[in-house]
Structures are given as structure tokens and as C-alpha cells.
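Residues per chain, in single letters:
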Amino acid sequence: MSLKSFKGWQTPLAAVALAMSATMPLSASAQSVMDASILAGSCFNCHGTDGRSNGAIPSIAGRPQLALKNQMLAFKSDQPPAGTTVMTRIAKGYTDQEIDALALYFSQIKQQAAASQKDPQK
Amino acid sequence: MNKLNRLTRRQMLGVLGKATAAGTLLMHVPMFAQPSAGSVVVIGGGFGGATAAKYIKRRNPAISVTLVEPSKVFYTCPFTNLYVGGLRTFDQQAHTYDELRELGVKVVHDLAQGIDTDKKSVQLAGGASLSYDKLVLSPGIDFKWNAIEGYDQQAAELAPHAWKAGAQTALLKKQLDAMPDGGVFLMAAPPNPYRCPPGPYERISMVAHYLKNNKPKSKILVLDAKDGFSKQALFQDGWKRFYGDMIEWVPLSKDGKVVRVDASNRTVETEFGQIHKASVLNIIPPQKAGAIAEQAGVTNETGWVPVNPQTFESSKVKDVFVVGDATIATPMPKSGFCANAQGKVAAAAIVNALAGKPAAQASFANTCYSLITPDYGISVAGVYRVEGGKLIEVKGSGGVSPRDANDDFRKLEAQYGTAWYNAIAQDTWGTRG
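Reading the values: rules and limits
Residues numbered from 1 in each chain as written. Chains lettered and ligands numbered in written order. Predicted model: local features only at pLDDT ≥ 70, side-chain atom pairs only at ≥ 80, totals over all residues. Heavy atoms only, no water. Helix = DSSP H or I, 4+ residues; strand = E, 2+ residues; numbered from the N terminus. Rg over C-alpha atoms; globule rule 2.2 N^0.38 Å. Contact = heavy atoms within 4.5 Å. Areas by Shrake-Rupley, 256 points an atom, 1.4 Å probe, with all protein chains shown as cover. Lys, Arg positive; Asp, Glu negative; His and termini not counted. Charge placed at Lys NZ, Arg CZ, Asp CG, Glu CD. Buried < 20%, exposed > 50% of the residue type's maximum accessible area, 1.4 Å probe, protein only. Salt bridge = Lys/Arg side-chain N within 4 Å of Asp/Glu carboxyl O. Polar contact = N/O pair within 3.5 Å; in protein donor to acceptor, adjacent residues only side chain to side chain. Nonpolar A, V, L, I, M, F, W, Y, C, P; charged D, E, K, R; others polar. Phe/Tyr/Trp six-rings, centres within 6.5 Å; stacked < 30°, edge-to-face > 60°. Pairing = 2+ DSSP bridges. Axes fitted to C-alpha atoms, helices over the stretch in contact; angles between N-to-C directions. Parallel < 35°, antiparallel > 145°, perpendicular 65-115°, else oblique. Core = buried A, V, L, I, M, F, W, Y, C linked by side-chain atoms within 4.5 Å.

Side note on the overall build of chain B
Across its full length, chain B holds twelve helices and 26 strands. Relative to the globule expectation of 22 Å for 433 residues, the C-alpha radius of gyration of chain B, 22 Å, shows essentially globular dimensions. Reported as C-alpha extents along the three principal axes, the dimensions of chain B are approximately 70 × 45 × 40 Å. Contacts spanning at least 24 positions in sequence make up 65% of the contacts within chain B whose residues lie at least 6 apart. Entry remark: accessible area of chain B is about 16,300 Å², with carbon and sulfur atoms responsible for 52%. Distance from the positive charge centre (48 side chains) to the negative charge centre (38 side chains) of chain B: 4 Å.

Description of the overall build of chain A
The secondary structure content of chain A amounts to seven helices and zero strands. What you see in chain A, going N to C, is helices and strands ordered as α-α-α-α-α-α-α. A buried classification covers 41% of the 122 residues belonging to chain A. Residue pairs at least 24 apart in sequence account for 51% of intrachain contacts in chain A once pairs closer than 6 positions are excluded. Total accessible area on chain A stands at roughly 6,800 Å², and carbon and sulfur atoms take up 59% of it.

What to know about the interface of chain A and chain B
Opposite the 45 residues of chain A that make contact, chain B presents 69 residues. Our count for the chain A to chain B interface comes out at four salt bridges. Across the contact surface, chain A and chain B share 18 residue pairs in polar contact (both at pLDDT 80 or more). Only helix 2 (12–27), helix 3 (36–41), helix 4 (44–47) and helix 6 (87–91) of chain A provide two or more residues apiece to the side of chain A that touches chain B. In terms of residue count, helix 2 of chain A provides more of the side of chain A that touches chain B than any other element does, nine residues in total. Classifying every residue of the side of chain A that touches chain B gives 21 nonpolar, 17 polar and seven charged.

Looking at the packing of aromatic side chains
All names here are of chain B. Under the counting rule described, the total for this entry stands at 21 aromatic pairs over all chains. Centre to centre, the rings of Tyr 201 and Phe 235 are 6.2 Å apart; their planes meet at 55°, and the pair counts as tilted. With Tyr 201 in helix 8 (residues 199–214) and Phe 235 in helix 9 (residues 232–243), the pair connects residues that are 34 residues apart, well separated along the chain. Grouping residues by exposure puts Tyr 201 and Phe 235 together as buried. Relative to Trp 239, the ring of Phe 235 has its centre 5.9 Å away and its plane inclined at 45°; by these criteria the two rings are tilted. A residue pair is termed a helical-turn pair when its members lie 3 or 4 positions apart in one helix, as Phe 235 and Trp 239 do in helix 9 at four residues. A relative accessible area of 0% means that Phe 235 is categorised as buried. Taken together through their ring pairs, the aromatic side chains of Tyr 201, Phe 229, Phe 235, Trp 239 and Trp 249 make up a single cluster.

Let's talk about the sheet that holds strand 17 (residues 280–283) of chain B
All names here are of chain B. Ordered in space as 13-12-11-17, the four strands form an open sheet in which the pairing is parallel. Looking at strand neighbours, the two that pair on one side only are strand 13 (247–250) and strand 17, the edges of this open sheet. Neighbouring strand axes in the sheet, compared pairwise and without regard to direction, differ in orientation by 15° on average. Inspection of the sheet shows strand 11 (residues 184–189) paired to strand 12 (residues 219–224) by six bridges, in the parallel sense. Following the sheet pairing, Met 187 is matched in strand 12 by Val 222. Packing of helix 8 onto the sheet brings it into contact with strand 11, strand 12, strand 13 and strand 17, and relative to strand 12 it is tilted by some 170°.

Considerations on the pattern of salt bridges
This model, assessed by the stated rule, comprises 24 salt bridges over all chains. Here Asp 96 of chain A and Lys 76 of chain A are joined by a salt bridge, their closest N and O atoms 2.7 Å apart. Here Asp 96 of chain A, found in helix 7 (residues 96–107), pairs with Lys 76 of chain A, found in helix 5 (residues 65–76); they are 20 residues apart in sequence, far enough to count as distant. With a relative accessible area of 25%, Lys 76 of chain A lands in the partly exposed category. Among the ionic pairs, Lys 226 of chain B bridges to Asp 224 of chain B, the shortest N-O distance being 2.9 Å. Judged by relative accessible area, which is 6%, Lys 226 of chain B ranks as buried.

Focus: the environment of Gly 389 of chain B
All names here are of chain B. Assignment of secondary structure puts Gly 389 in the loop between strand 24 (376–387) and strand 25 (390–393). Assessed through its relative accessible area of 48%, Gly 389 is described here as partly exposed. Distance in space between the C-alpha atoms of Gly 389 and Pro 309 is 7.1 Å, their sequence separation being 80 residues.

Details of the packing of helix 8 of chain B against helix 9 of chain B
Residue and element names in this part refer to chain B. Helix 9 packs onto helix 8 with a crossing angle of 5° between their chain directions and a minimal axis gap of 11 Å. Taken together, the axes of helix 8 and helix 9 are roughly parallel relative to one another. Only Phe 235, Trp 239, Phe 242 and Tyr 243 of helix 9 make contact with helix 8, whose side of the interface consists of Tyr 201, Glu 202, Ile 204, Ser 205, Ala 208, His 209 and Lys 212. Each residue belonging to the contact of helix 8 with helix 9 can be placed in one class, and the counts come to seven nonpolar, two polar and two charged.

Quick notes on the nonpolar core
Residue and element names in this part refer to chain B. If you look at the biggest cluster of nonpolar residues, it comprises 141 residues, and the most contacted ones within it are Ile 43, Val 122, Leu 137, Phe 185, Ile 220 and Trp 239. Here this core takes eleven residues from helix 11 (residues 336–354), the largest share from any one element. When residues no more than four places from it in sequence are discounted, the contact partners of Ile 220 are Phe 185, Ile 204, Val 207, Ala 208, Leu 211, Met 246, Ile 247 and Glu 248. In terms of nonpolar packing, the next biggest core, distinct from the first, is built from 17 residues, Leu 186, Val 258, Ala 263 and Ile 283 among them.

Structural notes on the sheet that holds strand 14 (residues 258–262) of chain B
Residues and elements named next belong to chain B. Strand order in the open sheet formed by three strands is 14-15-16, with antiparallel pairing between adjacent strands. Each edge of the open sheet is held by one strand with a lone partner, namely strand 14 and strand 16 (275–277). The mean inter-strand angle of the sheet, taken between neighbouring strand axes irrespective of direction, is 25°.

What follows is the structure in C-alpha cells.
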């Protein structure tokens, strides 16, 4: 859609065109791209938002990319490290390419949130 | 919304889907008149809705996000079984919306009672209406009252379902506390699909834990409307080991299906006419999507909501995204974990759509922990993606804890269960348990 049609969007016809084009890509899933932040979303549910854990499950934010990648590949292997529980079942769900993307994503997050964030404890 | 619009809301719902595409779109013109990053209304402040609201704001703070949730304090269903078992206080399942407000989400404590997906507005019980560019519904479940004869809302005050957290949970706990030693705790377990597949069986485990320590002569009878259940072998191994013959599970094929309930007398009747009497009667009835989903026209003949798994946009109504237990997302279970994961995927898709960009690839995971004793936890996990327009569980991934795991493994999974709860609660509401 050109800028020109944005300017004219208050006319009914242009509004139709705008509304349609804005929703079309949603159905074009065949062309969709991998987004590490979406892959990472599910990790937050146990490892904490942005990979910063508030409990017994290890933090993954800010750890070296290679360490994260190797740990995931170890979990994914048929002989996971001693003491592994659920992670071998989860790691097997990701391609090596996705593991690379996740390792890079979490390695780039600071281990601690900015100081302005309040204490999350109730 | 003006008075005329309010008068025609129901009529508008009636013609939904019959209007031509061009006609429908033309009516949106006034709402496009204000240039902005877009506005999103989220209905339901549970795992799915609160997460969607939060992650839309995190991805693009310029988008206006309003969360509609009647309760000022939200009680999670997950971990209420531990409260029933005496392991936690009820308040440990309580969460509020302060963090969402700090992120700039407008939190409105009101009930959404009507949705006009044609005019793209939400009518609140308090009288106000909200317009949206994109709507997120996270309505949870409702019950099919009277699907079991005699089991309606009044009966639930005597024989609680306790399958929505709140007064019902407290009532079940109160009845369990008042139950005499030697009594029978009877659960009617629901047919598929329902919220939290392992939930009924974790509840049985936690009730057994409480009874073993407090009323050891008591019995637990599970009358099930199906022939198998989540993590079945692990649960049954644990039940036998820790609770001996206290628990009897009766599957559908052994006349386990409850067809009639007499809540005043605490009796149930099964398909083939057996009458069972209980001291505490816990009926978990058949379920469907939360009522507002039906009202919005996004449910199908099953009572649940079909969605495009790439975005969790309704497959029936444009610009309405539905997440959580209300959706048809098989093979993902109806769990808080999945609702949160779906909320994040929908949030990312909405943010992209409002910027005119296509949705990125969806990816989801799930882990559900259940306790059999305070130190004996089990889990089921899954990783999901979209292939050929369908949700699939990634081959070779997921599954349940090994059956031959040792006690250290079970203890770790019990600890990880609590850690999971604290992590996901903080991720969703900003407060831990």
C-alpha cells in the first residue's frame, strides 16, 4: 500500500483497501519467518520472564551463547546429562537452527533487569 | 457507543456473517478516523488474557490496550488442588493487575456482556462500551449445566465442581475438612475435552494425601466419563504406592459415567443405574467455551472456538483472537501454560498486524506438573508448531515423566512444579505464589 492511499483513507474505498490489506498477511503463513522472541516466549513460563528465574529453575538470561546451545543439544541427545527431568522431552521439540536462535536470544539479555524494576515479591 | 448503536447491537449480532465483506468494512470507517498505533481490548484476565495484554504492551507500548476483567483479585485454578490437600493457603493462588497497570494497560473491572464484532465494540455490564481494532477473548470455560441430570448452578452449591477457582474451591475444602473419618469422597470426572487434563487426578492425589494424614479410614471413589486419562500409569503407580486401596477409579466401560445427581442427598446414579452415596460429592461437569465466546459468534457446534493456529485469530470472525481453554487447539491441552503461550503468540501476531506486517512462525510449549504427594511430582510436556495450517506436536518431543524414575527425580519434579507456578504467575501477572 502506498503512502498516497493512507492519505486518502477516510474515503470509503480506500478504507476498504486498507482494512483488507492489513489483514491479508495473517493468512499468508507460508511466508512467515522465524522470530526468536516467539520461540523464547514458552521458555519464560518456567525460566522466568526474559529467562530471569525467580526460583529453583535455572536462569538462562545472559549466559554465554555457546553454553546455552551446548546445554540444549545435550538435553536433546539420547543421553541427556545426569539429573535431567523435563528438558530432554522439551529440547527434542526444537531444530538445531531454533536452538541456535534461542541461544543467541537469551545470551543477549542482561542477567538482571534494569534497576528501575520493582521487587516482584508480594 | 451512542444510543442508536446500543439499540441495534443485538440485531447486529444477528446479521453477523451475512453482511457482504464490503458492507461490513464500510461501517468501520468512523473508527479508522483517529490515526494511532491501534487499540486492543482483551476480555478475561487469566493466564491467556493477562499475558496477551502484557506482551502487546511489551512489544509495542504505543498500542492502546484495555483489559476487561470482573475480579480485582484473580485466583488461578492451578495449585488449588494443593490448597485442597492442605499444602498451601488459598491466598497463594491470588494475583492482581498492578503490573499490567504499570505497563500502561488500562484495567477495567467490569463484565463484558455483549460483543458487536461488526461494529467492533464491546458492551460492558456497567454501561460503558469499548471499541477495538483487535479483540482478544480469553474467556476460559463454562459448564454444560444439566448435561448431568440434576446438576445445575444450585446443585453446585451443595456438590461443588471447584473447577473455577474461588468460592467453589473454598466450599470443597470446607466439606473435606468437615467429612467424617470413614466417609467417601466421590468425584465425577468429566469427559474430554475439559480444562486441565491431569487436574482431576492430581485433586484425587491431594485429597488422598489429606485423608491419609487426617481421616485414614476414608475412601475415594472416582467415577469417570472416559476410559483413560492424562499421566494415567504414573498416577495409578503413585496411588497404589502411597495410598494403597484408598482410591478406586471406575472407567466409563465399567459403568463410570454419572448421568444423574441428587445434590441434596449427595448421591449419583451411573449410566447402568448404580447408585453411589458420598460424604463429599465433587462433580466436574462437561464443559464448553466461556459464554462470551458464544455471544461473540466464535464458537462452533462443539461449543469450543476454532482458531487459526498461526495467530489464534478466530477462524469465524475477523480481528477476534481467542486464547486459552476456550479454543480448539488440539494437541495442545487446556492448561494455564498453553493459555499463556497462546497469549504470547496472539500478542505478537496482533502487534505485527497493526503494523501491517505478517505474523511470524508460531511456536508453543507446554509443561504440566502434578503432585501425588508433597515430594512426589510427575509431569507431561509438549512442543507444538504449525505445519500445513495445523497445530502439531513435534515428533519425538514431549511426553510424560519416565515410569521407572527414582525418588530423587520425583522430588525434583515436585520442586520444579512449585518453581513453575512462581515463574508463570510472575510472567503473567507480575506476582508469584
